[in-house]
Amino acid sequence: MEAHKEKILAVCNEVCKGTLMETLDIEYVDVGENFLVAKMPVTPKVYQPDGVLHGGASVALAESVGSAASYIFLDAQKFMIRGLEISANHTKSVREGFVYAKASMIHKGRTTQLWEIKITNEEGALVSNCKLTTISLPKG
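The rules behind each value
The residue count restarts for each chain, going from 1 along the sequence in the order it is written. In keeping with the predicted nature of the model, local features appear solely for residues at pLDDT of at least 70, side-chain atom pairs appear and are counted solely at 80 or more, and the whole-chain, interface and lining totals rest on all residues. In computing side-chain properties, one takes all heavy atoms of the structure into account and sets aside hydrogens as well as water. Two strands qualify as a pair provided DSSP detects at least 2 bridges between them. Secondary structure follows DSSP: runs of H or I at least 4 residues long count as helices, runs of E at least 2 residues long count as strands, and numbering of each begins at the N terminus. Axis definition: a line fitted to C-alpha atoms, limited for helices to the stretch in contact. Angles are taken between N-to-C directions and run from 0 to 180 degrees. Between two residues, a contact is recorded if the distance between any of their heavy atoms is within 4.5 Å. Residue types Ala, Val, Leu, Ile, Met, Phe, Trp, Tyr and Cys, when buried and joined through side-chain atoms within 4.5 Å, form a set referred to as a nonpolar core. Burial here depends on accessible area, computed with a 1.4 Å probe over protein chains only, as a share of the maximum for the residue type. Under 20% is buried, over 50% is exposed, and the range in between is partly exposed. A pocket here means an open set of points on a 1 Å grid, computed over the protein atoms alone, that has protein on both sides within 12 Å along at least five of seven lines. A cavity is instead a set of points where a 1.4 Å probe fits but cannot get out; residues with an atom within 4 Å of a point line either one. Grid points are joined across faces, edges and corners, and a volume is the space filled by probe spheres set on the points. Polar here means any residue other than Ala, Val, Leu, Ile, Met, Phe, Trp, Tyr, Cys and Pro, which are nonpolar, and Asp, Glu, Lys and Arg, which are charged; Gly is therefore polar.

**Re the sheet that holds strand 5 (residues 112-120)**
Read across the sheet, six strands follow the order 1-2-4-5-6-3 without closing on themselves; strand pairing throughout is antiparallel. Here the strands that pair on one side only, and so sit at the sheet edges, are strand 1 (27-31) and strand 3 (79-90). Pairwise comparison of adjacent strand axes, ignoring direction, gives a mean angle of 25° for this sheet. Across eleven bridges, strand 3 lies against strand 6 (residues 126-138) in antiparallel orientation. Looking at strand 6, one finds that Glu85 is bridged to Thr133. Its contacts with the sheet place helix 1 (residues 5-14) against strand 1 and strand 2 (35-41), and it is angled at close to 155° to strand 1.

Now the structure itself:
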C-alpha cells in the first residue's frame, strides 16, 4: 500500500473535481492498509447560522471518505458501490481550522460493508462519530 499511496490519493482527489467534495474543499490526505483520511476546512461555507460547523457538512465529509474507501478496498472494476445508511453523533463544535475524517472498515462482507468514520479537529478531539453501510452491486 505504501508504494501506491501517493497515486491512490491523487486519483481520489482528481475524481472529486466538479462534485460536492470540491464544493466543500474536501481533500484526501492519507491512506493505509485499512483506512482512508480526508480533511475539510471549517469556513463560513460549511457553517450553520450560528457560526459553527454544520452537522450536514460533517455527514457529507463522512460519507465521502467512507464511499471512497469502499472503492479503494473493494473491486471497483467489478462492483458499483452505493451508500445504504449513515448515522452520526456530533460531540463537539468547531468554528475554524480543519476537521479530519478517518474511515476504517468494521465489516467487509461480499455484499455489504460497515465503516466507522471518526471526525476529529486539529487537536485530535472527537467532533463526530459516524457509521456508514455500503453495498457492492455487480456491474453490468
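After presenting the structure, the write-up continues.
**With respect to the nonpolar core**
Grouped burial of nonpolar side chains is what soluble globular proteins tend to show. Tyr28, Met40, Leu53, Val99, Ile117 and Ile119 are the most contacted members of the largest nonpolar core, which totals 33 residues. The element best represented in this core is helix 3 (residues 55-73), accounting for eight residues. If we ignore the near neighbours within four places in the chain, the residues touching Ile117 are Ala62, Val65, Gly66, Ala101, Lys102, Ala103, Ser128, Asn129, Cys130 and Leu132.

**Details of the layout of surface pockets**
Size it by volume and the largest pocket reaches roughly 300 Å³. Considering the residues around the largest pocket, the lining is formed by 14 residues, among which Val11, Cys12, Val15, Ala68 and Tyr71 are closest to the centre. Broken down by secondary-structure element, the contributors of at least two residues to the lining of the largest pocket are helix 1 and helix 3. Here the lining of the largest pocket is built from residues that sort into eleven nonpolar, one polar and two charged.

**Notes on the environment of Leu84**
On the secondary structure map, Leu84 appears in strand 3. When its relative accessible area of 52% is taken as the criterion, Leu84 is described as exposed. Residues Leu84 and Gln113 lie 29 residues apart in sequence; the distance between their C-alpha atoms is 9.7 Å. Excluding its chain neighbours within four sequence positions, the residues that come into contact with Leu84 are Thr112, Thr133, Thr134 and Ile135.

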